[in-house]
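Structural characterization, general
Read off the chains here:
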Amino acid sequence: QEDANQKPVTASAASTSIQEVAETASKTVVEIQTENTGTTFTFGFGNQTYTSKSAGSGVILSQDGYIITNNHVVEGSQKITVKTYDGTEYEAKVIGTDEKSDIAVIKVEATGLDSAVLGDSDALRVGDTAIVIGNPLGTLGGTVTNGIISATNRDMVINNQSMNLIQTNAAINSGNSGGGLFNSKGELIGIVDAKSSGVGIEGLAFALPINSVVDDINNIIENGNVSTRPVVGVTIADVSEDTARYYQLESAG
């Protein structure tokens, strides 16, 4: 006999729908436009000034305007413009960058911004829901794509840097770099970094695990650089004959 008081089985409160994640997390993702101005010499016309533009994405880390993106999105930029979810544009300044981890922190002068909730990328499992939000092609800000976590620890070489990345089949394109990879609870678990492209290649996208870069982010905010990373210094110098004799070396060079 059916119990009149029996409640229907509902999804766990630990996860939400993609629609709910999109509504919440999209407010924490920004569009980034960068500009560089230079000169080039053209025969017959002399020096000509040109402006090059590129685009990417970023994720708001704090209500007062700290934003994480990729180093390669803002590297060398002379002007950085950030557009938030509501369409407001801000000029941003670079707080610091790190080429090795390919992250950068920029800042806009604002208050009361929606900021991302950080998740635990170490807890990811293959098959978990993956939701990417960013600015593909530099013109489609706020685009949401979804898929699964395809691999949690993928060793890759990106721009001559060895990285351990999250792999997903969620669609990303040029302009998504620096955007957010979110889990089913709407938590930020990765920063979109790259995709594999070419004839016959689809569904191979990669993100920096948030756990692997959070200390670097905090260091950049506090110090302007990743000051805690150990550095090995090697100095090469000629060895004099006196030094060679002192250390009982076979010969001086």
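Read on for an overview of the structure. Given the structure is predicted, the values throughout are model-derived calculations rather than measurements.

**Overview of the sheet that holds strand β6 (residues 103–107)**
The 6 strands lie next to each other as β1-β2-β3-β6-β5-β4, forming a closed barrel whose pairing is antiparallel. The mean inter-strand angle of the sheet, taken between neighbouring strand axes irrespective of direction, is 40 degrees. When strand β5 (residues 89–98) meets β6, the two strands line up antiparallel, connected through 5 bridges. In the strand pairing of β6, K93 is matched with K107. Most of the contacts of helix α3 (residues 210–223) go to β6, to which it runs at about 40 degrees, and overall it touches β3 (66–69), β5 and β6.

**A closer look at the pattern of salt bridges**
Once the charged atoms of two side chains with opposite charge are near each other, the side chains can pair. Per the stated rule, a full pass over the model turns up 3 salt bridges. We note a salt bridge from K185 to E187, for which the minimum N-O separation is 3.9 Å.

**Some details on the nonpolar core**
Of all hydrophobic cores here, the largest spans 25 residues; its most connected members are I103, F182, L188, I191, L208 and I217. Every element with two or more residues in this core is listed here: α1 (18–25), β3, β6, β7 (129–134), β9 (161–168), β11 (188–195), β12 (205–209) and α3. For this core, the element with the most residues is α3, which contributes 4 residues. Within the second largest apolar cluster, 14 residues are counted, among which are I60, I80, V82 and A92.

**Observations concerning the side chain of E187**
For E187, the location among the structural elements is in the loop between β10 (180–182) and β11. Among residues more than four places away in sequence, those in contact with E187 are V117, L118, G119, L181 and F182.

**So, the environment of T16**
Here T16 shows up in the segment before α1. Put simply, T16 and K185 are 169 residues apart on the chain and 5.6 Å apart in space, counted from C-alpha to C-alpha. Apart from residues no more than four positions distant in its own chain, T16 is found in contact with V21, S184 and K185.

**Here we look at unusual backbone geometry**
You will see that D102, though not glycine, has its phi angle at about 55 degrees, which is positive. For D102, the location among the structural elements is in the loop between β5 and β6. Positive phi, close to 65 degrees, is recorded for L137, a residue that is not glycine. Following the sequence through the fold, L137 ends up in the loop between β7 and β8 (143–158). On the basis of relative accessible area, L137 is assigned to the exposed category, the value being 58%.

The rules we used
- For every chain, the first residue of its written sequence is number 1, and the numbers climb from 1 along that sequence.
- pLDDT decides what is reported in this predicted model: residues at 70 or higher carry local features, side-chain atom pairs at 80 or more are listed and counted, and totals for whole chains, interfaces and linings draw on all residues regardless.
- Working from all heavy atoms in the structure, the side-chain values ignore hydrogens and water.
- By definition, two strands form a pair when at least two bridges between them are found by DSSP.
- Each helix is a run of DSSP H or I of at least 4 residues and each strand a run of E of at least 2, with the numbering of both proceeding from the N terminus.
- Axis lines are fitted to C-alpha atoms, over the contacting stretch for helices. Their N-to-C directions set the angle, which ranges from 0 to 180 degrees.
- We call two residues contacting when some pair of their heavy atoms lies within 4.5 Å.
- Salt bridges, as used here, are contacts in which a Lys or Arg side-chain nitrogen is within 4 Å of a carboxyl oxygen on Asp or Glu.
- The set of buried Ala, Val, Leu, Ile, Met, Phe, Trp, Tyr and Cys residues whose side-chain atoms join them within 4.5 Å is what this entry labels a nonpolar core.
- Only protein chains enter the accessibility calculation, which uses a 1.4 Å probe; a residue is then buried when its area is under 20% of its type maximum, exposed when over 50%, and partly exposed in between.

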